[in-house]
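Understanding the architecture of this molecule
Listed below, chain by chain, are the residues.
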Amino acid sequence: MQNDIKEVLYSEAQIQAKVKELGDQLSVDFEGRNPLVICVLKGAFIFMSDLVKAISVPLEIDFMAVSSYGQSTQSSGVVKIMKDLDVSVEGRDVLIVEDIIDSGLTLSYLIDVLEHRNAKSVTVVTLFDKPARRTVDLQPDYKGFTLPDEFVVGYGLDFAEKYRNLPYIGILKPHVYEK
Ligand code: 5GP
Ligand code: MG
Ligand code: MG
C-alpha cells in the first residue's frame, strides 16, 4: 500500500497537530452551545473521530452518507442521500465535518438540506480544501489544509475504497490509476 504513494503531503504528526488546533478553536467558538456534529461518510470518519476528541464542549454526533450523480458527465449538483440522520436538526447548531471540498457541490447540497430542515445554524469544518476546483461559491468556516489540484488518499480518503487506513495524506502513483 505504501508503495503506491508517490508523495506524502502531510504526515500523521502534521495532521494530528492541525486537528488539535481546529478542536481548540471550535471549543472556544461553540462554548455554551451543544452542537450536533455530523460526519459525512465515509471519507470524514477518521477526521471526525479525532476532531470530537479535541473538542471540549458537550456535543452529539450523527452520520450521513451521500453520493453524487453523474460525476463523469457534467456535475449537476444532484446528490442522493444514501443514509440520513437519525435525529432532527430543527433548532440545532449543526457542525458538518467533511474530509475534503472539491467542486463544493456535495456540501452546498447538504447545507441546503439542513437549512430547509430548520437547523438554527450550519457551520462547516473540512480538513482539506481544493479551492482551485470549486464550481459553486462556497467557503468552509474552518479548514485544515489547502491542497493543490491533485487526487489524494489516506486519513479516511479512498481510491476505489482503498487507502482509507493510511495515517497520512498522499498522492497516488499514476500506475495505480492505470491498472
Ligand atoms: P465535491 O462535491 O466537493 O466535488 O466532492 C467532494 C467529495 O469528493 C469528497 O467528500 C470526497 O469524497 C471526494 N473527493 C474530492 N477530492 C478528492 C480527492 O482528492 N481524493 C479523494 N480520495 N476523494 C476526493
Ligand atoms: Mg466527503
Ligand atoms: Mg471516495
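Residues numbered from 1 in each chain as written. Chains lettered and ligands numbered in written order. Predicted model: local features only at pLDDT ≥ 70, side-chain atom pairs only at ≥ 80, totals over all residues.

Overview of the nonpolar core
What tends to happen in soluble globular proteins is that the nonpolar side chains get buried as a cluster. If you look at the biggest cluster of nonpolar residues, it comprises 40 residues, and the most contacted ones within it are Ile38, Phe47, Val94, Ile96 and Val97. When contributions to this core are tallied by element, the ones reaching two or more residues are helix H1 (12-29), strand S2 (36-41), helix H2 (45-53), strand S5 (93-101), helix H3 (105-116), strand S6 (121-129) and strand S8 (152-153). Per-element tally for this core: the top contributor is S5, with six residues. Not counting chain neighbours up to four residues away, the residues in contact with Val94 comprise Pro35, Leu36, Ile38, Val89, Leu114, Ala119, Ser121, Val122 and Thr123. (Core = buried A, V, L, I, M, F, W, Y, C linked by C-beta atoms within 7 Å. Buried ≥ 20, exposed ≤ 12 C-beta atoms within 10 Å, placed from the backbone. Helix = DSSP H or I, 4+ residues; strand = E, 2+ residues; numbered from the N terminus. Contact = placed C-beta atoms within 7 Å.)

With respect to the environment of Ser67
Structurally, the position occupied by Ser67 is in strand S3 (residues 60-68). Residue classification places Ser67 among the exposed residues on the basis of 11 C-beta atoms within 10 Å. Distance in space between the C-alpha atoms of Ser67 and Lys80 is 5.3 Å, their sequence separation being 13 residues. Excluding residues that lie within four positions of it along the chain, Ser67 makes contacts with Val79, Lys80 and Met82.

Observations regarding the sheet that holds strand S1 (residues 5-10)
Overall, antiparallel pairing links the three strands, which are arranged S1-S9-S8 in an open sheet. A single partner strand is all that each edge strand has here, and the edge strands are S1 and S8. Both S1 and strand S9 (residues 169-172) contribute to a ladder of four bridges, which runs antiparallel. Pairing of Val8 across the sheet is with Gly170, part of S9. (Pairing = 2+ DSSP bridges.)

Points about the sheet that holds strand S7 (residues 142-146)
Pairing in this open sheet of six strands is mixed, and the strands run S4-S3-S2-S5-S6-S7 from one edge to the other. Bordering the open sheet on either side are strand S4 (79-83) and S7, each of which pairs with just one other strand. Recorded for the sheet is a direction-independent mean angle of 30° between the axes of neighbouring strands. Direction of pairing for S2 relative to S3: parallel, over a ladder of six bridges. Looking across to S3, one finds that Leu36 is bridged to Glu60. Where H1 meets the sheet, its contacts fall on S6 and S7, and the angle it forms with S7 comes to roughly 160°. (Axes fitted to C-alpha atoms, helices over the stretch in contact; angles between N-to-C directions.)

Quick notes on the packing of H1 against H2
At a minimum axis separation of 8 Å, H1 and H2 run at an interaxial angle of 55°. Viewed along their axes, H1 and H2 adopt a mutual orientation that is oblique. Crossing geometry of H1 relative to H2 is assigned as right-handed. Residues Val19, Leu22 and Gly23 of H1 pack against Phe47, Asp50 and Leu51 of H2. Among the residues forming the contact of H1 with H2, the class breakdown is four nonpolar, one polar and one charged. (Parallel < 35°, antiparallel > 145°, perpendicular 65-115°, else oblique. Left-handed = near helix turned anticlockwise from the far one by under 90°. Nonpolar A, V, L, I, M, F, W, Y, C, P; charged D, E, K, R; others polar.)

Description of unusual backbone geometry
Following Leu41, the chain continues into Lys42 via a peptide bond in cis, with omega recorded as -5°. Mapped onto the elements of the fold, Lys42 is located in the loop between S2 and H2. Despite not being glycine, Ala160 shows a phi value in the positive range, around 50°. One non-glycine residue, Glu161, adopts positive backbone phi at about 70°.

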